Amino acid sequence: MTLAKTYSPKDFEAKHYAAWEDNRYFAAGRRNEGRPYTIVIPPPNVTGSLHMGHALNNTLQDVLIRFERMRGRDTLWQPGTDHAGIATQMVVERQLDAEGKRRTDMTREAFVARVWQWKEQSGGTILHQLKRLGASCDWERERFTMDQGLSRAVTTVFVELYKQGLIYKDSRLVNWDPKFLTAISDLEVEQRQVKGHLWHIRYPIEGSPGQFIVVATTRPETMLGDTAVAVHPEDERYRGLIGKQVVLPLVGRRIPVVADEYADPEHGSGAVKVTPGHDFNDFEVGRRHKLPIINIFDQHARLNEQVPGAYRGLDRFKARERILADLAALELLAQTENIEHAVPYGDRSGVVIEPWLTDQWYVDAKTLAQPAIRAVEQGEVVFVPRQWENTYFEWMRNIQPWCISRQLWWGHQIPAWYGPDGKVFVEMTEDAALTAAKLHYGRETSLTRDTDVLDTWFSSALWPFSTLGWPDKTPALARYYPTDTLVTGFDIIFFWIARMIMMGIHFMGEVPFRTVYVHALVRDEKGQKMSKSKGNIIDPLELSDEYGADALRFTLAAMAAQGRDIKLAKSRVEGYRNFATKLWNAARFLEMNVCLLQSAYDPRNCRHVLNRWVVGELARTGQAVTEAIQAYKFNEAAEAIYHFAWDAYCDWYLEFIKPLLAGGDGLEKEETRATAAWVLSQVLHLLHPFMPFVTEELWQTLKSASPIPETEDLAVRPWFNAAAIPIDGAATAEIDWVIRLISAVRAVRAEMNVPVAAKITMTLKGANQEATRRLVNHNDAIRRLARLAVADPGEDVPAGALQIVHDEALIVLPLAGVIDLVAERARLDKEVTKVRAEIAKIDQKLADEKFVARAPEHVVEEQRTRRADFTATEAKLLQALARVGAGPAK
C-alpha cells in the first residue's frame, strides 16, 4: 500500500468512515473495563440540514469523544434528532399545499401518519451529513424525540409533574402566532428593527372638561383593551392625577390613573396606556394593581366582541387605521412621531406575534429551578467559560412559568382528558383516564382528549436520561448517566440546558452532566452574522467537498478560542488543507526513504542529538495537546500540534536528517529512519481527534509498510503517552541554538533583499566553547539551510558587515559586495515613510468619533487590525535599517 502522489481526501474519506462503522468502533461498551465518558448530542431538528453552527458544535464534540476513546474510556456519544413540532408540521403542510390539499381537510390521525411517512423518507438528512463530517456517534443507539421509548418517558414526566402539582393549566399571556394559530417559545420569536410611529393620544380626564392626559403608544389598536393609564410615582407632572379616572376614547370606559415605576418619564409623554391582555409588561402592571384583563383579539388577531361594534371583525392593522382616523376626527390624536423600534415576528411564519391571553398548560419552573440553581452554585455543573454561569443565574433567578402547550397536530399530545363538566383527568393512557373518571363520577363517562401537543423543549429537556431508557432502570442508564460534557451554543442556555438540569435533578436525583462547554458563533470573515438575506452563508458541505472534511474540522477547532466568535474565511480552510498536504508529503518522503515503524524501537534510547531533540519536542507537544483538550482550549491544542508538525517536524527535522538518510547504512541512519516514522505515527495519533480521515489514511499506509505486528486502526489506538517520553534538555538547547541561528540569517537575507542564489559568508564572533562546538557539529546543516558558503568562528568584522546578536556571540554577515547598502537604506527609508503614512490615515479615522460610532463593528475592528499589521511592518523595517547602519527614519 503506497501513497498517491497528491492529497485527495475524496479518495479515502468515505472508505474509512464505512470501515469504522462496519467495525463498530463507535459503539458504547466496546471497552467495559474503561470508565464511561458520555456526551449527548444536541438533537438537531429532523427537518434540518447541516449549517456552520452544527459543524462547529459537532466537530468539538467529536474531538472530545475521539480523544477520550483513544485514552481508553468507554465512550458513548448519544445521537438523535428532535421532532421539531412547528418546523416539521410546516414542511408537510407545504407538501400538501403543493398537492392542492390542506391539513384541515384531513383527520388528525391521517395528517400525523403523513408526517411519519415524510420522516421515514426524508427526515434525518442531517445525521448523514454529520457522518460526512466524521462524527463518531454510536449510531446503533440513535433516538428520536417521538420514538416509542421517548414518548413513554414524556408522558410519564407530564403525569408525575401534574400529580405533584408542578404542571397546571392557567390563563396567561403567550407569544401567539396568528398564522400558525399556536403559542410559540421566545426562541421562535425574532425581534426585527422596523420603521414605525409613536402616536400620542389624548385621554380625557373625568370631571375636568378640556383636560387630558396624553399617552404614547406604538399599538393604538390595543387601546380598546386598556384598563388603566400608568405614570411614574415621582413624575411631578402627573402626581395630582394619580387615583383619578380617565375616559377611554372611542369606548367610553372609565379607567384609573395608577402610579407604577414601569412608566418612564423620559420616554414619550411619560404616561403609558396599560393593556394587560396584550402586552407582557402591562400584564405584570395589571397584576400589581389588580386590574381587569380584557382580551380584544381572536386567534386570527381580529378584533372580537369585547370592542365597540364599529371595529369588530377587523384585522388588527385595519383596525389601527380606522382607530387613528377616528381619533383624529375627535381631535384626540395629539402627535405622531417617526421612530425605529423592535417588533416581534414569528421566525417561521413571518407574521407579527401577538401577546395573547389564552388557557395553556404550564410547568411550575420556579420550584424546579431552585435545586438547579444550587447545583451550579455548588459546582456540580460547571460552565466553560465561567461567565456563562451569570447568564444562567440571571434567567433562573427571574424564571417565569413555562408554557408547555402548543396548538399543533404534530408532537406529543398532552395526556389529559376532559369530562362533560370540564373536569380534567391526567393519566398515562386513555383507559387509565376512563377508570379515574368512573371513580370520580360513579359511572362510565365519555371523555374528550386535550388537542394540544407539548412544546418540543419539554421532550428535549429529558434527553440525557430518556435516551438511555428511562423510565426503565436500564443498564445503559446506570452506566452512562450522568453524562460528562455538554457542548452547545449560548442561545439555548435557558431553553435547553437549564431545563435539562431541572428535569435531571427532579427525576434522576442528580445533574445530567458535569461540564457545559459553551462555544461562540461562527460569523463570516468580516465578523457579520451569517444569514440568507446578507448572502454570506458558508456551506460546510461545500467546503468539505472542496477542501476535505479534515480541513474544515481543523479550521473550526483552531479558531474555537473560548468566548471569541469565529470569523471564518475560505482562505483559512484552504490553509489547513495545505497543512494536510504537508503531512501527506512528509509521509511520502518517509516512504521514499524507507522510514518504517520498528517493533524494537524505543524513543528513550535514541543516541543522535537530532532524534533526541525531536522526540523531546514531541513529548512537550503531546503534553500541551492533552492538557488543552482537557481544559476545552481546542484552539491551543490545534495550534500546538500544528506548529510541531509543520515547523519542528516537517520544516526542521526532516530537513536536518536528509543527509543522514542519503548517507550509507549505519546505526545512525537506522535510528533516524525509525525515529522519523515513529514521530510521524505519534503526530497522527495527536491529530486524529481533529483530522480523523487523513490521519487514518496515513496510519494505514505506514503500518502496512512496516515490519510490525500492529493491526489496530488509528480510530481505536491508545493516545500518545507523553509522560513516558524523556525530554533531553541538552539536545533541546543545542538544536534550538542551531534553528535560531539559521532563522536569523534567513531573516536578514529576506529583509536585505539578498538574492536567493547568492551564497554569503558568515562569521560567529565571540563564540564560547559550546557555541563553537555546535557550529562545527552542525556546520553542514547551517550552511545548507541558511545558504552560506562559509560558517566559521572568527573575530574579524569587515566594513559594511551586518551584525546580529546570537546569545553571547555575534553573527557577522559581510554584505558590502553582495548588495548595494546605500540603495538598500534608501529603499527601506521609503518603505518606512509609506507605512507611516498608512498608519496616520488609520489613526485619523479611528480618532473620528462619528466614524467609530456609525461604522459597523467589523469595519472598525478591521481598521484596528490593519493598524497593528502596519505597526509590526514598521518595526521590522526599522530593525532592518539599524542592521544596515542607518538610524531610524525621521
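Residues numbered from 1 in each chain as written. Predicted model: local features only at pLDDT ≥ 70, side-chain atom pairs only at ≥ 80, totals over all residues. Heavy atoms only, no water.

1. Topic: the overall build of the protein
Thought 1: Across its full length, the protein holds 28 helices and 29 strands.
Thought 2: The dimensions of the protein, computed from C-alpha atoms along their principal axes, are 105 × 70 × 55 Å.
Thought 3: Burial analysis of the protein (890 residues in total) assigns 55% to the buried set.
Thought 4: Long-range contacts, defined here as pairs at least 24 residues apart, represent 77% of the contacts in the protein between residues at least 6 apart. (Helix = DSSP H or I, 4+ residues; strand = E, 2+ residues; numbered from the N terminus. Buried < 20%, exposed > 50% of the residue type's maximum accessible area, 1.4 Å probe, protein only. Contact = heavy atoms within 4.5 Å.)

2. Some remarks on helix 7 (residues 280-288)
Thought 1: Taken together, the buried positions of helix 7 are occupied by Asp-282, Phe-283, Val-285 and Gly-286. The arc that holds the buried residues of helix 7, viewed along the axis, is 165°, so those residues lie on one side.
Thought 2: Where helix 7 begins, the capping side chain belongs to Asp-279, and its oxygen is found 2.9 Å from the backbone nitrogen of Asn-281.
Thought 3: Count one or two residues on from helix 7 and you reach Lys-290, which has phi positive near 55°. (Arc of directions from axis to C-beta. Polar contact = N/O pair within 3.5 Å; in protein donor to acceptor, adjacent residues only side chain to side chain.)

3. Some thoughts on helix 18 (residues 570-592)
Thought 1: Here helix 18 contains 23 residues, and its C-alpha end-to-end distance of 33 Å stays within 8% of the 33 Å for a straight helix at 1.5 Å per residue.
Thought 2: Along helix 18, the residues classified as buried are Val-573, Tyr-576, Phe-579, Ala-580, Leu-583, Trp-584, Ala-586, Ala-587, Phe-589 and Leu-590.
Thought 3: Where helix 18 is buried, its residues contact helix 16 (540-547), helix 17 (549-558), strand 25 (566-568), helix 20 (634-662), helix 21 (667-687) and helix 22 (692-705).
Thought 4: Following helix 18 by one or two positions, Val-594 adopts a phi angle in the positive range, close to 50°. (Expected span 1.5 Å × (residues − 1).)

4. Considerations on the pattern of salt bridges
Thought 1: Following the criterion strictly, the structure yields 60 salt bridges and no others.
Thought 2: Its salt-bridge partner being Arg-73, residue Asp-484 comes within 3.8 Å of it at the nearest N-O pair. Taken as a pair, Asp-484 in strand 22 (residues 483-489) and Arg-73 in the loop between helix 2 (52-70) and strand 2 (74-78) lie far apart in primary sequence, 411 residues in all.
Thought 3: The network of salt bridges with common partners includes Arg-219, Glu-221, Arg-316, Arg-320 and Glu-354. (Salt bridge = Lys/Arg side-chain N within 4 Å of Asp/Glu carboxyl O.)

5. So, the sheet that holds strand 14 (residues 354-363)
Thought 1: Spatial strand order, 6-5-14-16: four strands in an open sheet with antiparallel pairing. Where the open sheet ends on each side, the last strands, each with one partner, are strand 6 (182-184) and strand 16 (402-403).
Thought 2: Where strand 5 (residues 167-177) lies against strand 6, three bridges are found, and the strand directions are antiparallel. Note that in strand 6 the partner of Asp-177 across the bridge is Thr-182. (Pairing = 2+ DSSP bridges.)

6. A closer look at the sheet that holds strand 13 (residues 333-346)
The strands making up a sheet associate through hydrogen bonds between their backbones, and the pairing can be parallel or antiparallel.
Thought 1: Read from one edge of the open sheet, three strands run 8-7-13, paired in antiparallel fashion. Strands with a single pairing partner mark the edges of an open sheet, and in this sheet they are strand 8 (212-217) and strand 13. Strand-to-strand twist of the sheet, defined as the mean angle between neighbouring strand axes without regard to direction, takes the value 20°.
Thought 2: Bridging between strand 7 (residues 189-204) and strand 8 involves six bridges; their strand directions are antiparallel. (Axes fitted to C-alpha atoms, helices over the stretch in contact; angles between N-to-C directions.)

7. Quick notes on the confidence of the model for the protein
Thought 1: For the protein, per-residue confidence averages 93 on the pLDDT scale, and residues scoring 70 or more make up 99% of the total.
Thought 2: Considering only residues more than four positions removed or in separate chains, one finds that residues 886-890, a stretch of pLDDT under 50, has ten contacts. (pLDDT = per-residue confidence, 0-100.)

8. Observations regarding the side chain of Thr-155
Thought 1: Looking at where Thr-155 falls in the secondary structure, it is placed in helix 6 (residues 148-163).
Thought 2: Judged by relative accessible area, Thr-155 falls into the buried class, the value being 17%.
Thought 3: When near neighbours in sequence (up to four residues on either side) are disregarded, Thr-155 contacts Pro-415, Glu-427 and Met-428.

9. With respect to the pairing of strand 11 (residues 254-259)
Thought 1: Here three bridges tie strand 9 (residues 228-231) to strand 11, and the two strands are oriented parallel to one another. Within strand 11, the position partnered with Val-229 by the bridge is Val-257.
Thought 2: As defined by bridge partners, strand 10 (residues 245-247) adjoins strand 11 across three bridges and the pair is classed as antiparallel. Paired with Val-246 across the bridge in strand 11 is Ile-255.
Thought 3: With antiparallel pairing between neighbouring strands as the criterion, strand 10 and strand 11 make up a hairpin whose turn holds six residues, including Leu-250 at a positive phi of roughly 70°.

10. Quick look at the packing of aromatic side chains
The geometry of an aromatic ring pair is captured by the separation of the ring centres together with the interplanar angle, meaning the angle of the planes.
Thought 1: Under the definition given, this model contains 43 aromatic pairs.
Thought 2: Taking the centre distance of 5.9 Å and the plane angle of 65° together, the rings of Phe-111 and Trp-409 count as edge-to-face. Separated by 298 residues along the polypeptide, Phe-111 in helix 4 (residues 108-122) and Trp-409 in the loop between strand 17 (405-406) and strand 18 (416-418) bring together distant segments of the chain.
Thought 3: Judged by relative accessible area, Phe-111 falls into the buried class, the value being 0%.
Thought 4: Residue classification places Trp-409 among the buried residues on the basis of a relative accessible area of 19%.
Thought 5: Note on Phe-554 and Tyr-576: the rings are 5.0 Å apart at their centroids and 65° apart in plane angle, and the pair reads as edge-to-face. In this pair, Phe-554 is assigned in helix 17 and Tyr-576 in helix 18, connecting sequence segments 22 residues apart. Like Tyr-576, Phe-554 is buried. (Phe/Tyr/Trp six-rings, centres within 6.5 Å; stacked < 30°, edge-to-face > 60°.)

11. What to know about the nonpolar core
Thought 1: If you look at the biggest cluster of nonpolar residues, it comprises 222 residues, and the most contacted ones within it are Phe-458, Phe-554, Tyr-649 and Leu-813.
Thought 2: A total of 18 residues in this core trace back to one element, the largest contributor, which is helix 20.
Thought 3: If we ignore the near neighbours within four places in the chain, the residues touching Leu-813 are Val-745, Val-748, Ile-760, Thr-761, Met-762, Leu-788, Ala-801, Leu-802 and Ile-804.
Thought 4: In this structure, Val-231, Val-246, Ala-271 and Val-307 belong to the second largest nonpolar core, which totals 33 residues. (Core = buried A, V, L, I, M, F, W, Y, C linked by side-chain atoms within 4.5 Å.)

12. Regarding unusual backbone geometry
Thought 1: Look at the link from Val-384 to Pro-385: it is a cis peptide, with omega at -5°.
Thought 2: Position of Pro-385 relative to the elements: it lies in the loop between strand 15 (382-384) and helix 10 (388-397).
Thought 3: Located in the positive-phi region is Leu-250, a residue other than glycine, with phi close to 70°.
Thought 4: Summarising the element assignment, Leu-250 is placed in the loop between strand 10 and strand 11.
Thought 5: Positive phi, close to 60°, is recorded for Asn-753, a residue that is not glycine.
Thought 6: Locating Asn-753 in the fold gives a position in the loop between helix 23 (729-751) and strand 26 (760-765).

13. Some thoughts on the packing of helix 23 against helix 25 (residues 779-786)
Thought 1: Orientation of helix 23 relative to helix 25, taken along the N-to-C sense of each, is 25°, at an axis distance of 9 Å. The orientation of helix 23 with respect to helix 25, classified from their angle, is roughly parallel. As helix 23 runs across helix 25, the sense of the crossing is right-handed. Residues Trp-737, Val-738, Leu-741, Ile-742, Val-745, Arg-746 and Arg-749 of helix 23 form the contact with helix 25, whose participating residues are Ala-781, Ile-782, Leu-785 and Ala-786.
Thought 2: Its residues placed into classes, the contact of helix 23 with helix 25 shows nine nonpolar, no polar and two charged. (Parallel < 35°, antiparallel > 145°, perpendicular 65-115°, else oblique. Left-handed = near helix turned anticlockwise from the far one by under 90°. Nonpolar A, V, L, I, M, F, W, Y, C, P; charged D, E, K, R; others polar.)

14. Remarks on the packing of helix 2 against helix 19 (residues 609-630)
Thought 1: Viewed as axis vectors pointing N to C, helix 2 and helix 19 meet at an angle of 125°, and their least axial separation amounts to 11 Å. Relative to helix 19, helix 2 is oriented oblique. Considering the relative orientation of helix 2 and helix 19, their crossing is left-handed. Between helix 2 and helix 19, the residues in contact are Val-63, Leu-64 and Phe-67 and Thr-626, Ile-629 and Gln-630, respectively.
Thought 2: Looking at the contact of helix 2 with helix 19 residue by residue, the class counts come to four nonpolar, two polar and no charged.

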